[in-house]
Amino acid sequence: MSLVYKCVIAGLVRYWLIHIDYWQTIANRVEIATPLNSWKRLIEGVYLYDNNINPYEGDSFHESPLMLLFFHFVMKKTPYILPLLFTIFDLTTGLLLYKTSKSFAQMFKESQDKVKDDINADSKSMLLSNSKLNEAPEYVLSVYLFNPYSVLNCAGMTTTVIQNLLVAASLWGASSGYRILACAFIALATHQALYPVLLIVPIAILLADINKGSYIMDGSYKYVYNTYGFILAVPDLKPNIGLFWYFFTEMFEHFRLLFVCAFQINALVLYIVPLTLRFKKEPVLLATVLIALSAIFRSYPCVGDVGFYLSLLPMWKHLFTFMQQKFIVGCAFIITSALGPTVWHLWIYSGSANANFFFGVTLSFATAQIFLVTDLLFAYIKREFTLKNGSSRQIDGKPAKLVLR
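Being a predicted model, the structure only gives us computed values, none of them experimental.

Description of the UniProt feature "transmembrane region" (unreviewed entry) in the chain
- The residues that UniProt annotates with the feature "transmembrane region" (unreviewed entry) are residues 80–98, 180–208, 228–248, 255–273, 285–315, 327–349 and 355–381.
- End C-alpha atoms of residues 180–208 are separated by 13 Å, and the span's content is 79% helix alongside 0% strand.
- The distance separating the terminal C-alpha atoms of residues 228–248 is 18 Å; by composition the span is 52% helix and 0% strand.

So this is what it looks like as structure tokens:
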């Protein structure tokens, strides 16, 4: 299927879903909409701003000021183009990921050629041919355009669509050597959602390898707390697919600050240094893993975040052979994706379940993602070892054991 056909079909599916009778149901699902990206809350914020009421005074609006001004302008001037706008944004994200993966394939080929002489003769067959490297961008585009998580994220008109676009544009800028573009887009993504700040390190490494305050409502800075403070403090405990809400629902108030700090350190800081030190020669893999970890551990995740990093995985198709948990992870994704809405209905509407059931599903979903990330990293280590030492798993005549460190 050609690139144009893929984009047309994916665009029509998204545009159609936005106009069906069940759109409100999609847009209000807890798996799709969160207090940070909800279309309903965005409309409310724009309405308040339009009536000269500071939307950051209350507890309903948590978007960045730039997003507020952008959607205020669009809703005032051309509200009828919003479905088309979200569709175009999402298709553009897919195309940017496609171009990013093409740049990465070229970089990977060059790095592979440099170490070709150091590779064990027994492992020469593992070197990737040009045809295999050229396949990866097509898979990346297809996975993003037709992934149900990405499709529903766009159909629900969540602002995660724009966050994904900004991150994809930053990755494309970095992989193409455009420093200003890469820095500008990662700054905008961080301004909107904070967690993309994790990508500064891999983007800086990538650029190095390739290139050898807002004013709103009379200058009020209340938006700082109601955007980044809201993300960090986690005051809204509406259930979502993340791990924060259940813990802090059950938490004694005097322990809250301690655990908020612990959870946010885990989401923002903990993995940057060790992963950067170990994978500094693979900045694209580093970026992929950090995007995945931020999607898993952020305070208000949604399926759009998951769909975004899943679309990057085909760039590492050559590692799939070395992954051991593919079947388990795939089954876990399918089962939890089906159980989530089912258990939510039993809890909220039927009254025959409780919060423990829904959190059990979200915890399983997060666990599956963690298995996926660790399996990907371990697969990279195993391939790296095999390339240098051959396919034999013996050291001094004894069976060897690989350890991820």
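Quick word on the nonpolar core
- Counting residues in each nonpolar core, the largest one holds 127 residues, and the members touching the most others are Trp39, Phe71, Leu82, Tyr309 and Phe333.
- Ranked by the residues each element gives to this core, the list is headed by helix H18 (residues 355–389), at 15 residues.
- Once residues within four sequence positions are removed from consideration, phenylalanine 71 is found in contact with Trp39, Leu42, Val46, Leu82, Phe86, Thr159 and Ile162.

Observations regarding the side chain of aspartate 236
- Within the secondary structure, aspartate 236 is located in the loop between helix H11 (222–233) and helix H12 (244–250).
- Separated by 3.0 Å, the side chain of aspartate 236 and the backbone nitrogen of lysine 238 make a polar contact.
- Sequence-distant contacts of aspartate 236, that is, excluding residues within four places in its chain, are made with Pro35, Arg41, Phe230 and Tyr300.

Re the pattern of salt bridges
- One pass over the structure, following the stated rule, counts 8 salt bridges.
- Put simply, lysine 6 and glutamate 138 hold a salt bridge, and the shortest N to O gap is 3.0 Å. One end of the pair, lysine 6, is in helix H1 (residues 3–19); the other, glutamate 138, is in helix H6 (residues 130–146), with 132 residues separating them in the sequence.
- The exposure class of lysine 6 is buried, given its relative accessible area of 7%.
- For the salt bridge of aspartate 90 with arginine 14, the shortest nitrogen-to-oxygen distance reads 2.7 Å. Within this pair, whereas aspartate 90 is found in helix H5 (residues 82–114), its partner arginine 14 is found in helix H1, the two being separated by 76 residues in sequence.
- Of the residues examined, aspartate 90 reaches a relative accessible area of 0% and is grouped as buried.
- When its relative accessible area of 0% is taken as the criterion, arginine 14 is described as buried.

Topic: the packing of helix H7 (residues 148–155) against helix H16 (residues 303–310)
- The N-to-C vectors of H7 and H16 enclose an angle of 135 degrees; their axes lie 7 Å apart at closest approach. Of the possible angle classes, the one that applies to H7 and H16 is oblique. The hand of the H7/H16 crossing is left-handed. Taken together, the residues of H16 that come into contact with H7 (itself represented by Tyr149, Ser150 and Asn153) are Val303, Gly304, Val306, Gly307, Phe308 and Leu310.
- Class assignment for the residues of the contact of H7 with H16 results in 5 nonpolar, 4 polar and no charged.

Focus: the packing of aromatic side chains
- What the rule picks out here adds up to 29 aromatic pairs.
- Where phenylalanine 247 meets phenylalanine 263, the ring centres are 5.4 Å apart and the plane angle is 65 degrees; that geometry is what we call edge-to-face. With a gap of 16 residues between them, phenylalanine 247 in helix H12 and phenylalanine 263 in helix H13 (residues 256–268) connect regions that are remote in the sequence.
- You can call phenylalanine 247 partly exposed: its relative accessible area is 36%.
- Members of the aromatic cluster, connected to one another through ring pairs, are Phe244, Trp245, Tyr246, Phe247, Phe248, Phe263, Trp344, Trp347, Phe358 and Phe359.
- A cation sits over an aromatic face here: arginine 278 above phenylalanine 279, 5.3 Å from the ring centre.

Comments concerning H7
- Taken across its 8 residues, H7 has 6 buried, putting it largely inside the fold.
- Turning to H7, its buried residues are Tyr149, Ser150, Val151, Asn153, Cys154 and Ala155.
- At the N-terminal end of H7, a side-chain oxygen is found 2.9 Å from the backbone nitrogen of tyrosine 149, two or three residues along, and the residue is asparagine 147.

A short note on the side chain of arginine 298
- Along the polypeptide, arginine 298 turns up in the loop between helix H15 (283–297) and H16.
- With residues up to four places along the chain from it excluded, the contact list for arginine 298 reads Gln163, Tyr195, Phe244, Ala267 and Asp305.

A closer look at helix H3 (residues 39–50)
- Between its terminal C-alpha atoms H3 stretches 16 Å, which fits the 16 Å expected from 12 residues at 1.5 Å a residue.
- Listed as buried for H3 are Trp39, Arg41, Leu42, Gly45, Val46, Leu48 and Tyr49.
- Structurally, the start of H3 carries an N-cap: the backbone nitrogen of lysine 40 is 3.2 Å from a side-chain oxygen of serine 38.
- Looking one or two places after H3, you find asparagine 52, whose phi comes out positive at around 60 degrees.

The rules behind these values
- Per-chain numbering applies: the sequence of each chain, read as written, is numbered from 1 onward.
- Per-residue local features of the predicted model are confined to residues with pLDDT of at least 70, and side-chain atom pairs are confined, for both listing and counting, to 80 or more; whole-chain, interface and lining totals are unaffected and use all residues.
- Heavy atoms from the whole structure form the basis of all side-chain values; hydrogens and water molecules are not counted.
- UniProt positions are given in the numbering used here, feature names are shortened, and annotations may be inferred rather than shown by experiment.
- Here a strand is any run of E in DSSP of at least two residues, a helix any run of H or I of at least four, and the numbering for each starts at the N terminus.
- Take the buried Ala, Val, Leu, Ile, Met, Phe, Trp, Tyr and Cys residues and link them wherever side-chain atoms come within 4.5 Å; each set so joined is a nonpolar core.
- Using a 1.4 Å probe on the protein chains alone, a residue whose accessible area is under 20% of its type maximum counts as buried, one over 50% counts as exposed, and one in between counts as partly exposed.
- Note on contacts: a residue pair qualifies if any of its non-hydrogen atoms lie within 4.5 Å across the two residues.
- Residues adjacent in sequence count toward polar contacts only when both atoms are side-chain atoms; beyond that, a polar contact is any pair of N or O atoms within 3.5 Å, and within protein one must be able to donate a hydrogen and the other to accept it.
- Salt bridges are defined as contacts in which a side-chain nitrogen from Lys or Arg sits within 4 Å of a carboxyl oxygen from Asp or Glu.
- Helix axes use the C-alpha atoms of the stretch in contact, all axes being lines fitted to C-alpha atoms, and the angles between their N-to-C directions lie in the range 0 to 180 degrees.
- We call two directions roughly parallel when the angle between them is under 35 degrees, roughly antiparallel when it is over 145, roughly perpendicular when it lies between 65 and 115, and oblique otherwise.
- By definition, any crossing whose near helix is turned counterclockwise from its far helix by less than a right angle is left-handed, and any crossing with a clockwise turn is right-handed.
- Basically, the charged four are Asp, Glu, Lys and Arg, the nonpolar ten are Ala, Val, Leu, Ile, Met, Phe, Trp, Tyr, Cys and Pro, and anything else, Gly included, counts as polar.
- Centres within 6.5 Å make a pair out of two Phe, Tyr or Trp rings, where for Trp the six-membered ring is used; the pair is then stacked when the planes are under 30 degrees apart, edge-to-face when over 60, and tilted otherwise.
- Charge-over-ring placement is defined geometrically: NZ (Lys) or CZ (Arg) within 6 Å of the ring centre, and within 35 degrees of the ring normal.
- Expected helix span is given by 1.5 Å per residue-to-residue step, counting one fewer step than there are residues.

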